[in-house]
Amino acid sequence: MKEISCTLLVIGAGPGGYTCAIRAGQLGVDTVIVEAKKPGGTCLNIGCIPSKALIHAANEFRTIAEIATGGSRLGIAVGRPELDLSKAVAWKDGIVARLTSGVSGLLKRSKVKIVEGWARFRDGKTVEVETELGLQVIRFEQVVIATGSEPVDLPFLPFGGPIISSTGALELKEVPGSLVVVGAGYIGLELGTAFAKIGSAVTVVEAQAHILPHYDVELTRPVAKRLGELGIAVLTGARVKGPGPDGGLSIEAADGTTRRLAADRILVTVGRKPFTQGWGLDQIDLEMEGPFIRIDDRCRTSMRGVYAIGDVTGEPMLAHRAMAQGEMVAEIVAGHKRAWDRVSIPAVCFTDPEIVTAGLSPEDAKVAGHDVKVGLFPFQASGRAMTLERGDGFIRIVARADNHVLLGIQGVGAGVAELSASFSLALEMGARLEDVAETVHAHPTLSEGILEAALKALARPIHV
Ligand code: FAD
Ligand code: NAD
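Right, let's walk through the structure included here. Just so it is clear, the structure is predicted and the values come from calculations on it, not from any experiment.

Focus on the nonpolar core
Here's step 1: Counting 39 residues, the largest nonpolar core has Leu 85, Phe 195, Val 202 and Ile 355 as the members making the most contacts within it.
Here's step 2: With 6 residues, the top contributor of residues to this core is helix α3 (residues 48–70).
Here's step 3: Three or more residues apiece are contributed to this core by two domains, here domain 2 (163–270) and domain 3 (347–457).
Here's step 4: Every residue in contact with Val 202, bar those within four places of it in the chain, is listed here: Leu 179, Val 181, Gly 192, Phe 195, Ala 196, Gly 231, Ile 232 and Ala 233.
Here's step 5: Grouped together as the second largest cluster of nonpolar side chains are 29 residues, Val 356, Ala 417, Ala 454 and Ala 457 included.

Right, here's the structure in full:
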């Protein structure tokens, strides 16, 4: 049995853990990171990156297929495309391999020691790791728990065979003829849309009354419309009963009738849960907040010297939140004065069209007691959107009525994901409607929608 000691131990090399370790290493903190699988965690290996690769491949295929079957207003003619999904998956795997080996390189460059294996707490100052070379004991002064999350399964639809999670969906080598998606949240709609675009007959079953129930209906309406155009059947207010007698799925529809849905594959995407099992949480007895580890504004847990970051600490379970927490904790461990004071954590849903939210929606702002001004600019009136053949969607800006300080910016539209940084920057800088209105926005870009939404809120729009 080998023993090492360090100042900082990070458990889990997902976006939270690896960011924390890299920053700590840069600051000269003697750091060790333990990872049981591959560096990059859910995000790089089976989450953000591979899903966006598949979505890109599906968009490319769909665009060519639409031109081939319906002709093009742009005068382009092509033959019917064919997709070799195994090649697309190999391309996606290549991106994942490049990024994960890049993370290993960055960790090494920051002088972080990487230990491969499964970590388990012995007590509040010691972890043991089962490595290929035997048991490794690591003594540390401070520790960061960044163990992430895993998919929730439904007891009557356990993963296996045709019932797959997002991980299984991202590894399929052939396009399923029919795909039933359970859960119209982030993953269900991102991946369901991609599979519909490459030829699957997709049905989405959602328990709530609306798709993407975390978002307001005004924002999700353009997505719901596009799902219909793509031929995706959406059954909201429906309850899954279990597998059908001859494969497929048995559901109770919103009107109370029982329906059987044919399915070559059933993709279950009903949420993710924090990964809190099997690594000795019971040995350190941390205070919990529901299923998550309770943290304060410095990501400190209830035990001195023990921090937690990322998905294991709660919503929103997003990679950029985990990274921002990781960077902050590394600086705290290095002795800097830091605390979580971010105005917003933006969220992007890579549906078609994409949805971006930062800060408060009009409804959230009212619930929080604000009197608000709201400006909305529809992409129908955007020259840039027309040149991209996508006039669906809008940008919406929410500001305090009294001093015009921005409270939130939301957008839905093709390609709006890339506008998310402007939304967050404006909120983080404490911008007012006038600041946005007096910023020259380049023409022709979708970002002019932000300017126009601010002008609309100020009751002096130019282009609508
Ligand atoms: P994780 O990335 O889950 O990493 C945790 C790591 O810890 C894992 O590598 C695990 O092997 C390791 N580990 C756990 N326990 C131990 C142990 N005891 N010993 C050693 N190692 C251990 N978020 C976005 O912001 N944008 C997106 O577009 C997006 N798309 C997504 C698409 C899909 C299909 C999925 C599933 C998720 C997506 N997410 C997205 C969410 C994002 O992946 C997570 O929020 C993010 O990965 C969380 O980072 P983390 O560091 O907290 O944990
Ligand atoms: P989600 O919470 O986004 O959506 C789950 C959906 O399943 C909800 O609409 C819920 O009402 C529905 N549901 C729950 N139980 C059901 C049942 N029995 N029958 C039918 N519907 C049911 O969860 P997800 O899509 O699994 O994604 C998990 C998390 O991963 C997200 O919350 C997000 O934090 C992260 N993620 C982010 C991105 C992104 O940032 N673009 C992409 C993918 C995943």
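Moving on from the coordinates now.
Observations concerning unusual backbone geometry
Here's step 1: Geometrically, the link from Asp 352 to Pro 353 is a cis peptide bond, its omega value of -5° lying close to zero.
Here's step 2: Cis peptide bonds are those with omega within 30 degrees of zero, and the linkage from His 443 to Pro 444 qualifies with -5°.
Here's step 3: Tracing the sequence through the fold places Pro 444 in the loop between α13 (433–437) and α14 (448–457).
Here's step 4: Not every positive phi belongs to a glycine, and Lys 111 is a case in point at roughly 65°.
Here's step 5: For Lys 111, a relative accessible area of 72% puts it in the exposed group.

Brief notes about the site of ligand 2
Here's step 1: The local shell around ligand 2 holds 24 residues, among which Ile 187, Glu 190, Glu 206, Met 317 and Val 348 are the closest.
Here's step 2: Within the contact set of ligand 2, an oxygen atom lies 2.8 Å away from a backbone nitrogen or oxygen of Ile 187.
Here's step 3: One of the side-chain nitrogen or oxygen atoms of His 214 is found 3.2 Å away from an oxygen atom of ligand 2.
Here's step 4: Protein contact buries 83% of the 840 Å² of open area that ligand 2 shows by itself.
Here's step 5: With 4 residues, helix α6 (residues 186–197) is the largest single contributor of residues to the shell around ligand 2.
Here's step 6: Its residues assigned to classes, the shell around ligand 2 comprises 13 nonpolar, 7 polar and 4 charged.

Parameters at a glance
- Residues numbered from 1 in each chain as written.
- Chains lettered and ligands numbered in written order.
- Predicted model: local features only at pLDDT ≥ 70, side-chain atom pairs only at ≥ 80, totals over all residues.
- Heavy atoms only, no water.
- Core = buried A, V, L, I, M, F, W, Y, C linked by side-chain atoms within 4.5 Å.
- Buried < 20%, exposed > 50% of the residue type's maximum accessible area, 1.4 Å probe, protein only.
- Helix = DSSP H or I, 4+ residues; strand = E, 2+ residues; numbered from the N terminus.
- Domains from an automatic or database assignment.
- Contact = heavy atoms within 4.5 Å.
- Near = heavy atom within 4 Å.
- Polar contact = N/O pair within 3.5 Å; in protein donor to acceptor, adjacent residues only side chain to side chain.
- Areas by Shrake-Rupley, 256 points an atom, 1.4 Å probe, with all protein chains shown as cover.
- Nonpolar A, V, L, I, M, F, W, Y, C, P; charged D, E, K, R; others polar.

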